[in-house]
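Inside the fold
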Amino acid sequence: FQAEDGIRDVAVTGVQTCALPICLVMNKWLSMQAISHVSGGLQRVQRLMRDPVFNINNPNKLSSLLVSFAKFNTRNFHTPDGLAYRFFADLVLDVDTRNPSLASRLVSQFNQWKRFDPMRRELMKKELERIVAKDGISAGVFEIASKALS
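A brief structural summary. (Residues numbered from 1 in each chain as written. Predicted model: local features only at pLDDT ≥ 70, side-chain atom pairs only at ≥ 80, totals over all residues. Heavy atoms only, no water.)

Side note on the overall build of the protein chain
Stated formally: Secondary structure is summarised from DSSP: a helix means a run of H or I of at least four residues, a strand means a run of E of at least two, and numbering begins at the N terminus for each. Accessibility here uses a 1.4 Å probe with only protein chains present; expressed as a share of the type maximum, an area under 20% marks a residue as buried, one over 50% as exposed, and anything in between as partly exposed. In what follows, residue pairs with any heavy atoms lying within 4.5 Å of each other are defined as contacts. Calculation of accessible area relied on Shrake-Rupley with a 1.4 Å probe; when residues are assessed, cover is drawn exclusively from the protein chains displayed.
From N to C terminus, the protein chain includes eight helices and zero strands. Ordered by position in the sequence, the α and β elements of the protein chain form the string α-α-α-α-α-α-α-α. Taken over 150 residues, the protein chain has a buried fraction of 36%. At a minimum sequence separation of 6, the contacts of the protein chain that also span at least 24 residues come to 62%. Of the accessible surface of the protein chain, which amounts to about 8700 Å², a share of 59% is contributed by carbon and sulfur atoms.

Observations regarding the nonpolar core
Here is the rule we go by: For the purposes of this section, nonpolar cores are sets of buried Ala, Val, Leu, Ile, Met, Phe, Trp, Tyr and Cys residues that join through side-chain atoms within 4.5 Å.
One finds Leu66, Phe88, Phe110 and Ile131 to be the most contacted residues of the largest nonpolar core, which totals 36 residues. Those elements that place two or more of their residues in this core are α1 (2-35), α2 (41-49), α3 (59-72), α5 (83-96), α6 (100-107), α7 (118-133) and α8 (139-149). Here this core gets nine residues from one element, more than from any other, and that element is α5. Setting aside its immediate chain neighbours within four residues, phenylalanine 88 contacts Leu66, Ala70, Phe77, Leu106, Gln109 and Phe110.

Considerations on the side chain of serine 68
Within the secondary structure, serine 68 is located in helix α3. If we skip the residues at most four places from it in the chain, serine 68 touches Ser31, Ala34, Ile35, Ser63 and Asn73.

Description of the environment of leucine 62
Topologically, leucine 62 is positioned in helix α3. C-alpha separation for the pair leucine 62 and serine 31, spaced 31 residues apart in sequence, amounts to 9.6 Å.

Thoughts on the packing of α6 against α8
Stated precisely, the cut-off is as follows: Lines are fitted to the C-alpha atoms to define the axes, a helix being fitted only along its stretch in contact, and any angle between axes, read from their N-to-C directions, falls within 0 to 180 degrees. An angle below 35 degrees is read as roughly parallel, one above 145 as roughly antiparallel, one from 65 to 115 as roughly perpendicular, and any other as oblique. Note on convention: near helix rotated counterclockwise from far helix by under a right angle means a left-handed crossing. Clockwise means right-handed.
Across the interface, α6 lies against α8 with an axial gap of 8 Å and an inter-helix angle of 15°. Looking at the two axes, α6 sits roughly parallel to α8. Once α6 is placed against α8, the crossing between them reads as right-handed. In this structure, α6 uses Pro100, Ala103, Ser104 and Val107 to contact α8, whose residues at the interface are Gly140, Val141, Ile144 and Ala145.

Here's the deal with the side chain of arginine 44
Stated precisely, the cut-off is as follows: Positive charges come from Lys and Arg, negative ones from Asp and Glu, while His and the chain ends are left out of the count. In the sections that follow, a salt bridge refers to a side-chain nitrogen of Lys or Arg positioned within 4 Å of a carboxyl oxygen of Asp or Glu. Counted as a polar contact is a pair of N or O atoms within 3.5 Å, where, for protein atoms, one must be capable of donating a hydrogen and the other of accepting one, and residues adjacent in sequence contribute only when both atoms are in side chains.
Along the polypeptide, arginine 44 turns up in helix α2. There is no salt bridge for the buried arginine 44, and the closest opposite charge comes from aspartate 51, which lies 12 Å off by N-O distance. Reaching out from arginine 44, the side chain makes a polar contact with the backbone oxygen of serine 36 at a distance of 2.9 Å. Excluding its chain neighbours within four sequence positions, the residues that come into contact with arginine 44 are Gln33, Ser36, Val38, Ser39, Asn73 and Asn76.

What about the packing of α7 against α8?
Keep this limit in mind: As a working rule, the residues Ala, Val, Leu, Ile, Met, Phe, Trp, Tyr, Cys and Pro are called nonpolar, Asp, Glu, Lys and Arg charged, and the rest polar, with Gly in that last group.
Between α7 and α8, the least distance of the axes is 9 Å, while the angle of their chain directions is 145°. Remark: the crossing between α7 and α8 carries left-handed chirality. In this structure, α7 uses Lys125, Leu128, Glu129, Ile131 and Val132 to contact α8, whose residues at the interface are Val141, Phe142, Ala145, Ser146, Ala148 and Leu149. Tallied by class, the residues present in the contact of α7 with α8 amount to eight nonpolar, one polar and two charged.

Overview of the packing of aromatic side chains
For any two aromatic rings, the description comes down to two numbers: the centre-to-centre distance and the angle of the planes. To keep it simple, the criterion reads: Only Phe, Tyr and Trp rings are paired, with Trp represented by its six-membered ring, and only when their centres lie within 6.5 Å; those with planes under 30 degrees apart are stacked, over 60 edge-to-face, the remainder tilted.
In the structure shown here, the tally under the stated rule is six aromatic pairs. Between the aromatic rings of phenylalanine 77 and tyrosine 85, the centroid separation amounts to 5.3 Å while the plane-to-plane angle is 75°, which identifies the pairing as edge-to-face. Each member of the pair, phenylalanine 77 as well as tyrosine 85, carries the same accessibility label: buried. An angle of 70° between the planes, with centres 6.3 Å apart, marks the rings of tyrosine 85 and phenylalanine 110 as edge-to-face. Residue tyrosine 85 is located in helix α5, and its partner phenylalanine 110 is located in the loop between α6 and α7; the two are separated by 25 residues in the primary sequence. The class of phenylalanine 110 is buried, set by a relative accessible area of 0%.

Dropping the structure here:
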């Protein structure tokens, strides 16, 4: 059994030394995909959410892909159809059921809604109102969304 323990220790050490850099590289890769201004950004993000490298329950992966998309990809996040706003509000509501603090961080991406043109302002406001109206929403998400609306 000692030989097996030794092999296991080597394997664990190998994974620890290799996995962290790979994880960091993959987070950076997700972020770069999210901020690409090539058209079809929302569809690309949705496709990447189905990729094995992405895990919606991992805050770093979620931030790398989704916060980067909302925060740094103005061309694809702020499209006139408002689909990315709807997608992001749905995401906030979903994540809030498992990780309210992360959902609070996500919903804060709508905080600057009043600085946009009237059409986009109205679309973002509608999503914030939908979030605030949701039964069972966490206190943190409710506070950030309702403050943004006031």
